[in-house]
Every structure is written in C-alpha cells, then in structure tokens.
Amino acid sequence: MQRFSGFPFGLSSALKAADQDFSSEVANLVLPLFPEAQFNNLEAPMEALKCTVQQAHQKSECKATA
C-alpha cells in the first residue's frame, strides 16, 4: 500500500502557479494607483495585502466546506 506524502506533483505546481498569478494580479491592481516613482516603496505593502487577502480567502473557504 502506497502512503500519501504531501500534495501530488500536479496539484503542488498548480498551487505555486496560482500564487504567482495572484501576486501579478495584486501588482496589476495596485501599481496603476500610484506614481511610478513610488513603485519601489510599494513592495512591502503589496506583500502584506497579498497575505491578508489569502488568509481571508482561506478562512472563508474553510467555513464554506465545514
């Protein structure tokens, strides 16, 4: 009997790709709101926003499946 250890490769790579796509989506939404000269200062706030949205999504998804 084969034991399950972690995500199947296809699912894992799909999740990583979705994370990268989400980062691009956040950047595409946020960057046009600010002057180009401020782009370098936006990295940390965009990362915080991305984490907050992902956490909220995970919580709502857990409630939806419970």
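Residues numbered from 1 in each chain as written. Predicted model: local features only at pLDDT ≥ 70, side-chain atom pairs only at ≥ 80, totals over all residues. Heavy atoms only, no water.

Enumeration according to the criterion identifies one salt bridge in this entry. A salt bridge links Lys50 to Glu47, with the shortest nitrogen-to-oxygen separation between them at 3.5 Å. Note that Lys50 and Glu47 are positioned in helix 2 (residues 43-65) at a spacing of three residues, about one turn of the helix. Using a relative accessible area of 39% as the deciding quantity, one classes Glu47 as partly exposed. (Salt bridge = Lys/Arg side-chain N within 4 Å of Asp/Glu carboxyl O. Helix = DSSP H or I, 4+ residues; strand = E, 2+ residues; numbered from the N terminus. Buried < 20%, exposed > 50% of the residue type's maximum accessible area, 1.4 Å probe, protein only.)

Of all residues in the chain, 71% attain a pLDDT of 70 or more, and the chain-wide mean is 75. In this model residues 1-5 is a low-confidence stretch, pLDDT under 50, and it forms zero contacts with partners more than four residues away in sequence or in other chains. (pLDDT = per-residue confidence, 0-100. Contact = heavy atoms within 4.5 Å.)

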